[in-house]
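Results of the structural survey
Next come the chains, spelled out residue by residue.
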Amino acid sequence: MLKEVAEGVLVHESEFIQSNSVVVRGRDGVLLIDPGITGDEMATLANDLHELGHPVVAGFSTHSDWDHVLWHVNFGDAPRYGTARCTATIQDLLSNADWKARIAVGLPPEYAEEIPMDLLGLITGLPPEAAQIPWDGPKVRIIEHQAHAPGHAALLIEERGVLVAGDMLSDILMPFLDLGAANPIEDYLAALRLLESVADDVDAVIPGHGSVGGAEQVRARIKQDRAYVQALRDGGVPDDPRVGPSATLDWLPDVHRWQLQRLAQREQNETPG
């Protein structure tokens, strides 16, 4: 299931929106980032790691969306981390008696019965000032921002030149803004500047969904995402194949139109009458 994209960094791509689970080898085991989608998929990944002699010693969720906070009992009881804001967001959701029903609304029908939710979101928040994941392996730098979701984190595996981008820098999905934030456009553009600041140190970028890109793709994807967000801000039509007739997923143009409408409504509500 695993493809090595850099020394000691492996990726499994799910059938569900090309979701990427990332494995980073350490001294005594592996760090598992955004571990998977279906129960069978995660069980197979756990089995592969066991056969390779790589126990899971730590987990990390890049953000609080349901497809990034899943877990499987076969991974064991290693500590699972997220940023403080990410953790607070998922804990707030789990505090509701009907949290499973709330999540179920957004599950893809074709996978809904295969997604285990018993261990969903059981992560520990790192201190707000945490600069790296606490584990016995290559330094994994946390680049926190507020672009896609509260406390969203990209991770830079500095010794390997790998940027794990979470739900950003995808070749198949356009930027999904956090439209509940006070300044979603500005937040996203600021996050892209953060990622751009480390681009020279990146040889491979792993998006939460989509294809792994090489060094030449990092700045190209930042440029494409920036152009899309700026088009949203200006109310224009983005020249972006991810939301055009050739979009990989036929529902993406609808999401694009929904984002435009929500932003227009926000502007209308904020304009004095």
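1. A short note on the overall build of the chain
The number of helices and strands found in the chain is 6 helices and 12 strands. In terms of overall dimensions, the chain is globule-like: its C-alpha atoms have a radius of gyration of 18 Å, near the 19 Å expected for 273 residues. Among the 273 residues that make up the chain, the fraction classed as buried is 52%. Counting contacts in the chain only where the partners sit at least 6 residues apart, residues at least 24 apart contribute 62% of the total. If you sum the accessible surface of the chain, you get close to 12,500 Å²; carbon and sulfur atoms cover 48% of it.

2. Regarding the sheet that holds strand S7 (residues 124-125)
Read across the open sheet, the 7 strands follow the order S1-S2-S3-S4-S5-S6-S7; overall the sheet is mixed. Strands with a single pairing partner mark the edges of an open sheet, and in this sheet they are strand S1 (3-6) and S7.

3. Considerations on the environment of Pro108
Within the secondary structure layout, Pro108 lies in the loop between helix H3 (99-104) and S7. Exposure remark for Pro108: the relative accessible area of 9% places this residue in the buried category. Each C-alpha atom, one on Pro108 and one on Phe16, is 8.8 Å from the other, the two residues being 92 residues apart in sequence. Sequence-distant contacts of Pro108, defined by excluding residues within four places in its chain, comprise Phe16, Trp66 and Ile115.

4. Considerations on the pairing of strand S9 (residues 152-157)
Of all 6 residues making up S9, 6 are buried, and the element is well covered by its neighbours. Of the two faces of S9, both are covered, the one formed by His152, Ala154 and Leu156 as well as the one formed by Ala153, Leu155 and Ile157. Where strand S8 (residues 140-145) and S9 come together, 6 bridges link them in antiparallel fashion. Counted as the bridge partner of His145 is His152 from S9. Here S8 hands over to S9 after 6 residues, with Gly151 in that stretch at a positive phi of 70°. Here S9 runs beside strand S10 (residues 162-166); their pairing, made up of 3 bridges, is antiparallel. Across the sheet, residue Leu156 finds its bridge partner in S10, namely Leu163. Adjacent in sequence and paired antiparallel, S9 and S10 are bridged by 4 residues, among which Gly161 carries a positive phi angle near 65°.

5. Topic: the pairing of S1
Bridging between S1 and strand S2 (residues 9-13) involves 3 bridges; their strand directions are antiparallel. In the sheet register, Lys3 faces S2, and the bridge partner there is Val11.

6. Looking at the sheet that holds strand S12 (residues 213-214)
Taken in spatial order, the 5 strands make up an open sheet running S8-S9-S10-S11-S12, and their pairing is mixed. The open sheet has two edge strands, S8 and S12, and neither has a second partner.

7. Re unusual backbone geometry
If you check the backbone angles, Ile17 has positive phi at about 45° while not being a glycine. Within the element layout of this structure, Ile17 appears in the loop between S2 and strand S3 (20-25). In the Ramachandran plot, Leu169 falls in the positive-phi region, its phi being about 55° despite a non-glycine side chain. Checked against the element boundaries, Leu169 lands in the loop between S10 and helix H4 (184-197). By relative accessible area, which is 0% here, Leu169 ends up buried.

8. Comments concerning empty space enclosed by the protein
The tally for this structure, following the rule as stated, stands at 2 cavities of 30 Å³ or more. Of the pockets and cavities examined, the largest cavity occupies roughly 50 Å³. Every residue lining the largest cavity is listed: Ser14, Ser19, Asn20, Ser21, Asp34, Gly36, Ile37, Asp67, His68 and Gly208. Residue composition of the lining of the largest cavity, by class: 1 nonpolar, 7 polar and 2 charged. By volume, the second largest cavity amounts to about 30 Å³. Taken together, Asn20, Val22, Ile33, Asp34, Val164, Gly166, Ile206, Pro207 and Gly208 make up the lining of the second largest cavity. When residues of the lining of the second largest cavity are traced back to their parent elements, those giving at least two are S3, S10 and strand S11 (204-207). Split by residue class, the lining of the second largest cavity holds 5 nonpolar, 3 polar and 1 charged.

About the thresholds
- Note that residues are indexed from 1 along each chain, following the sequence as it is written.
- Where totals are concerned, whole chains, interfaces and linings use all residues; where local detail is concerned, this predicted model gives features only for residues with pLDDT of at least 70, and gives and counts side-chain atom pairs only at 80 or more.
- Calculated side-chain values reflect all of the structure's heavy atoms, with hydrogen atoms and water omitted.
- The secondary structure listing takes helices from DSSP runs of H or I that are at least 4 residues long and strands from runs of E that are at least 2 residues long, numbered from the N terminus.
- Values of the radius of gyration come from C-alpha atoms, whereas the globule rule sets the reference at 2.2 Å times the count of residues to the power 0.38.
- In this scheme, a residue with accessible area under 20% of its type's maximum is buried, one over 50% is exposed, and one in between is partly exposed, where area comes from a 1.4 Å probe on protein chains only.
- Any two residues whose heavy atoms approach within 4.5 Å at even a single point are treated as in contact.
- Under the convention used here, a 1.4 Å probe and the Shrake-Rupley method define accessible areas, while residue burial counts only the protein chains that appear.
- For two strands to pair, DSSP has to find at least two bridges joining them.
- Definitions used for this entry: grid spacing 1 Å over protein atoms alone; cavity, a set of points where a 1.4 Å probe fits but cannot get out; pocket, an open set with protein on both sides within 12 Å along at least 5 of 7 lines; lining residue, one with an atom within 4 Å of a point.
- Grid points are joined across faces, edges and corners, and a volume is the space filled by probe spheres set on the points.
- Amino acid classes used here: Ala, Val, Leu, Ile, Met, Phe, Trp, Tyr, Cys and Pro are nonpolar; Asp, Glu, Lys and Arg are charged; the rest, including Gly, are polar.

The analysis is restricted to geometry; functional conclusions fall outside its scope.
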